[in-house]
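Inside the fold
If you want the building blocks of each chain, they are given just below.
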Amino acid sequence: MTTSMPDIANHTTAQTEGTLDWVGMSNIEMPIMVASKDQGERMVSAHIDAFVNLKDAQAKGIHMSRLYLLIDELSTSNVLNYQSLVSLLDGFISSHQELSDQAKVQFNFEYHLRRKSLISGKEGWKAYPVTLTGYLNKGKLTIELTVDVPYSSTCPCSAALARQLIQKAFHDKFAQQSEFALTDVHDWLGSTDGIVATPHSQRSVAEVKVKLNSSVNDFPITELVDLIENSLKTPVQAAVKREDEQEFARLNGQNLMFCEDAARRLQYSINQIDSFDDFWLRINHLESLHAHDAVSITTKGIEGGYQP
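Described below are features of the structure shown in this document.

Thresholds, definitions, all that
- Residues numbered from 1 in each chain as written.
- Predicted model: local features only at pLDDT ≥ 70, side-chain atom pairs only at ≥ 80, totals over all residues.
- Heavy atoms only, no water.
- Helix = DSSP H or I, 4+ residues; strand = E, 2+ residues; numbered from the N terminus.
- Buried < 20%, exposed > 50% of the residue type's maximum accessible area, 1.4 Å probe, protein only.
- Contact = heavy atoms within 4.5 Å.
- Polar contact = N/O pair within 3.5 Å; in protein donor to acceptor, adjacent residues only side chain to side chain.
- Expected span 1.5 Å × (residues − 1).
- Arc of directions from axis to C-beta.
- Disulfide = S-S within 2.5 Å.
- Phe/Tyr/Trp six-rings, centres within 6.5 Å; stacked < 30°, edge-to-face > 60°.
- Lys NZ or Arg CZ within 6 Å of the ring centre and 35° of its normal.
- Core = buried A, V, L, I, M, F, W, Y, C linked by side-chain atoms within 4.5 Å.
- Salt bridge = Lys/Arg side-chain N within 4 Å of Asp/Glu carboxyl O.
- Pairing = 2+ DSSP bridges.
- Axes fitted to C-alpha atoms, helices over the stretch in contact; angles between N-to-C directions.

**Let's talk about the environment of Thr-299**
Along the polypeptide, Thr-299 turns up in strand β8 (residues 294–299). Thr-299 sits in the buried class, given a relative accessible area of 10%. The spatial distance from the C-alpha of Thr-299 to the C-alpha of Asp-184 is 52 Å, given a sequence separation of 115 residues. Other than its neighbours up to four places away in sequence, Thr-299 contacts Gln-267, Phe-279, Trp-280, Tyr-306, Gln-307 and Pro-308. For Thr-299, the side chain forms a polar contact with the main-chain nitrogen of Gly-301, separated by 3.3 Å.

**Describing helix α7 (residues 242–254)**
Along its 13 residues, α7 runs 19 Å from first to last C-alpha, staying within 8% of the 18 Å computed at 1.5 Å per residue. Looking at α7, one finds that the buried residues are Asp-244, Glu-247, Leu-251 and Asn-252. Buried residues along α7 cover an arc of 140° about the axis, so they all sit on one side. Exposed residues pointing more than 90 degrees away from the buried face of α7 are listed as Arg-242, Glu-245, Gln-246 and Ala-249. In the core, the buried residues of α7 are packed alongside β5 (140–154) and β6 (201–212).

**Some words on the state of the cysteines**
Under the counting rule described, the total for this entry stands at zero disulfides. For the unlinked cysteine Cys-259, the closest cysteine sulfur is that of Cys-155, found at 10 Å.

**Looking at helix α6 (residues 221–232)**
The terminal C-alpha atoms of α6, which comprises twelve residues, lie 17 Å apart, in line with the 16 Å expected from a rise of 1.5 Å per residue. Counting buried residues in α6 gives nine out of twelve residues, a clear majority hidden from the surface. Every buried residue of α6 is listed here: Ile-221, Thr-222, Leu-224, Val-225, Leu-227, Ile-228, Glu-229, Ser-231 and Leu-232.

**Observations concerning the packing of aromatic side chains**
This model, assessed by the stated rule, comprises six aromatic pairs. Taken together, a centroid distance of 5.0 Å and an interplanar angle of 45° make the contact between Phe-170 and Phe-174 tilted. Note that Phe-170 and Phe-174 are positioned in helix α4 (residues 156–174) at a spacing of four residues, about one turn of the helix. The buried category is assigned to Phe-174, whose relative accessible area is 4%. With a centroid separation of 5.8 Å and an interplanar angle of 65°, the aromatic rings of Phe-170 and Trp-188 are classed as edge-to-face. One end of the pair, Phe-170, is in helix α4; the other, Trp-188, is in helix α5 (residues 182–189), with 18 residues separating them in the sequence. Classification of Trp-188 as buried rests on a relative accessible area of 8%. By the ring-pair criterion, three or more aromatic residues cluster together here, those being Phe-170, Phe-174, Phe-180 and Trp-188. Residue placement shows Lys-209 over the ring face of Trp-280; its charged tip is 5.6 Å from the ring centre.

**Regarding the nonpolar core**
In this structure, Phe-107, Phe-109 and Ile-228 are the most contacted members of the largest nonpolar core, which totals 64 residues. Here the element with the most residues in this core is helix α3 (residues 82–94); it accounts for seven residues. Residues contacting Ile-228, with those up to four places away along its chain left out, are Val-147, Val-149, Ala-206, Val-208 and Leu-266.

**Observations regarding the pattern of salt bridges**
Overall, the coordinates contain eight salt bridges when judged by the stated rule. As a salt-bridge pair, Glu-207 and Arg-282 come within 3.9 Å of each other at their nearest N and O atoms. Of this pair, Glu-207 sits in strand β6 while Arg-282 is found in strand β7 (residues 276–285), placing the two residues 75 residues apart along the sequence. Classification of Glu-207 by relative accessible area gives partly exposed; the value is 24%. With relative accessibility at 28%, the residue Arg-282 sits in the partly exposed group. One network of salt bridges, with partners in common, ties together Arg-115, Lys-126, Asp-226 and Glu-229.

**Side note on the sheet that holds strand β3 (residues 102–116)**
Taken together, eight strands build an open sheet; the order of strands is β1-β2-β3-β4-β5-β6-β7-β8 and the sheet is antiparallel. Whereas interior strands pair on both sides, the edge strands pair on one side only; in this sheet they are β1 (20–36) and β8. On average, each strand axis in the sheet is inclined to that of its neighbour by 15°, with strand direction left out of account. Pairing analysis gives six bridges linking strand β2 (residues 40–54) to β3, with the strands arranged antiparallel. Counterpart to Phe-51 in the pairing with β3 is Lys-104. Here helix α2 (residues 64–77) sits on the sheet in contact with β1, β2 and β3, set at roughly 10° to β1.

All quantities given are derived from atomic positions and should not be read as evidence of function.
Encoded structure:
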């Protein structure tokens, strides 16, 4: 005798009626082939969230296995780009007819890039946290790319105070001498007595989220990372020799910035990119002077766009 297996989601109603904003799965682990502009296709280990809404107040639940199988098909038979992300969201909704009219999927992974040192030409890997998110809400599509980029920030106030102490030390050393040799000053500046103070700097993180438009197919991950690092000018390094460390110190000295300065630099640069319809960014200076962080947040500022 053949017996059918029970399908509770299809054949029973909710114990308590009500619509739900999102129902689905979080932290699904899968390898995904990501199509990135400039880097081509690359396999990443992703953690994925997949959701649809439940608009039927009486339905017992959604069909989670359908969401999973659609992601699995992408993992094994396709490449993640703008168009396949749109198709995935369409599949979420079409597999839940009468139940859902909204879908959301998010891919979280680390994207490794080879980065050259500043002077020596050595190369090393740097890992950048990346999030790709797609929303489909009653036919309205949103595709977002988020990256976190670490860099170094040196405090302008601290630099000014350090310079003042160096000036005082110079005065104390040479004020009583009517004449002194250039070599004496040169040697003194190279000593710990000469550089009596240094400005404080700290590792900092730029969190940048951009809304992509349909002119994009492969995701501009490297383009966005390059834009951030080139704008801030002091990215943290991978492989470093002494000449690279010296150049890093020079770059920090020539690019003093508060968190407000960093936010404005990125605000200007991102506004120049036509493929980004909107952006949100948060600058985090992980203070070495204070026990708290200095933070600046801004958006493109368009009507109906991202809010700070």
